[in-house]
Amino acid sequence: TLSDWMTLGIDWFTGVVDRALTAYQINPVVHSLVIDGIFAGVGSVLSFLPTIVILFFFLSILEDTGYMARVAFVMDKLLRRIGLSGRSFVPMLVGFGCSVPAIMATRTLSSERDRRMTILLTPFMSCSAKLPIYALFTAAFFPRVWRAPVMIFLYLFGILCGILYSLILKQTCFRGEPVPFVMELPNYRLPSAKSVGLLLWEKAKDFLQRAFTVIFLATIIIWFLQGFDTRLNVVADSSYSLLALIGQWIAPLFAPLGFADWRCATALISGFVAKESVVSTLEVLLGGAAVTGMFSPRAAISFLVFTLLYTPCVAAIATIRRELGSTVKTVGVVILQCGVAWLVGWLAYAITGLF
């Protein structure tokens, strides 16, 4: 509800600025940059601020009461089988809400090995930003009685892929055992309002700084690619834009997965900024037509699996870059994640073809 209110507030402010720029008769390109680029991109990300604040509010309460240490203790035995300690459970749990705070939460892990391995596994936990994609495709391709089970299956399938991936990492890049789980279980106590407030302020400030730096730059790049052609002329139809051209280059890569349409590739590129952009981009490029005209049922399943597993948004990538401290390693994480998503999506398309 708070995110919806935040969205309404951002939409209202966007409308005010839009009317002001129109009244001022500013250059249409600058108008589009401000409204369609900056406000649309950064605004869509800012709408997640209440979600992140509330998420950390409850996490900080659980931590202050002494309960979180007990959760890590209970999960330690299970997670050791896949090469992690019980402390990794909390960041991965947070990952179902948003990958950004989940990756940030890995700072609490004492072992550098466990921390890096947890960062690699967190994107497999389906964040809430992917829900609009699931909702669009399940509503279009599945009967009502099957929609909820399919969405639940996607979450469980992401967990299963994360477990298999962790077992591979355990035998290759991260050999050895996780650090022994030694923790003094604190007494149960009432949470401190001061410590909770300080944590919320720190996380909110960190998120806002990232929103107005990395995400700001990424939205401008996407806007530019979507608004201009190769001669840097403003395009009336996005199918003639630089973004569409890039989509046409990339589209053949998805032919084995059943969706070789450039509009699918373009939507996936826009998903780098925010996963909700996949749906909005498809809706814009389809011009109101149904997605059933672009995807077969097999291709829809493959597309769902790919969007479940492929690289997280720019905000999460920026967080991974900061936590790993290396651009090369971050690019490697992105490429590896996309590779896993492509392979599993291809398997999903091949297996569904048997039925």
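Rules behind the numbers
- Residues numbered from 1 in each chain as written.
- Predicted model: local features only at pLDDT ≥ 70, side-chain atom pairs only at ≥ 80, totals over all residues.
- Heavy atoms only, no water.
- Phe/Tyr/Trp six-rings, centres within 6.5 Å; stacked < 30°, edge-to-face > 60°.
- Lys NZ or Arg CZ within 6 Å of the ring centre and 35° of its normal.
- Helix = DSSP H or I, 4+ residues; strand = E, 2+ residues; numbered from the N terminus.
- Buried < 20%, exposed > 50% of the residue type's maximum accessible area, 1.4 Å probe, protein only.
- Contact = heavy atoms within 4.5 Å.
- Axes fitted to C-alpha atoms, helices over the stretch in contact; angles between N-to-C directions.
- Parallel < 35°, antiparallel > 145°, perpendicular 65-115°, else oblique.
- Left-handed = near helix turned anticlockwise from the far one by under 90°.
- Nonpolar A, V, L, I, M, F, W, Y, C, P; charged D, E, K, R; others polar.
- Core = buried A, V, L, I, M, F, W, Y, C linked by side-chain atoms within 4.5 Å.

(A) Expanded view of the packing of aromatic side chains. Per the counting criterion, the structure on display carries 18 aromatic pairs. Aromatic rings pair up to connect Phe137, Phe141, Phe254, Phe259, Phe272, Phe295, Phe303, Phe306 and Tyr310 into one cluster. Taking the ring centre of Tyr188 as reference, the NZ or CZ of Arg70 above it sits at 4.2 Å. Its guanidinium or amino end placed over the ring of Tyr310, Lys275 lies 4.5 Å from that ring's centre, counting from NZ or CZ.

(B) Up close: the side chain of Lys170. Looking at where Lys170 falls in the secondary structure, it is placed in helix α9 (residues 144-171). Exposure remark for Lys170: the relative accessible area of 16% places this residue in the buried category. In this structure, Lys170 is in contact with Arg80, Arg81, Ile82, Gly83, Met117, Arg175 and Glu177, ignoring residues within four places of it in sequence.

(C) Quick look at the environment of Asp18. Examined against the element boundaries, Asp18 turns out to sit in helix α1 (residues 2-24). Of the residues examined, Asp18 reaches a relative accessible area of 26% and is grouped as partly exposed. Sequence separation between Asp18 and Val34 is 16 residues, and the spatial gap between their C-alpha atoms is 8.5 Å.

(D) Looking closely at the packing of helix α11 (residues 242-250) against helix α12 (residues 262-270). Taken N-terminus to C-terminus, the directions of α11 and α12 make an angle of 110°; their axes are 8 Å apart at the nearest point. As summarised for this structure, α11 and α12 are arranged roughly perpendicular, according to the angle between their axes. Note on packing geometry: the crossing formed by α11 with α12 is right-handed. In contact with Leu243, Ala244, Ile246, Gly247, Gln248 and Ile250 of α11, α12 contributes Trp262, Ala265, Thr266 and Ile269. A per-class count over the contact of α11 with α12 returns 7 nonpolar, 3 polar and no charged.

(E) Region of interest: the nonpolar core. Core analysis: the largest hydrophobic core is formed by 70 residues, its most contacted members being Phe137, Phe259, Phe295, Phe303, Phe306 and Leu309. By residue number, the principal contributor to this core is helix α14 (residues 297-309), which donates 8 residues.

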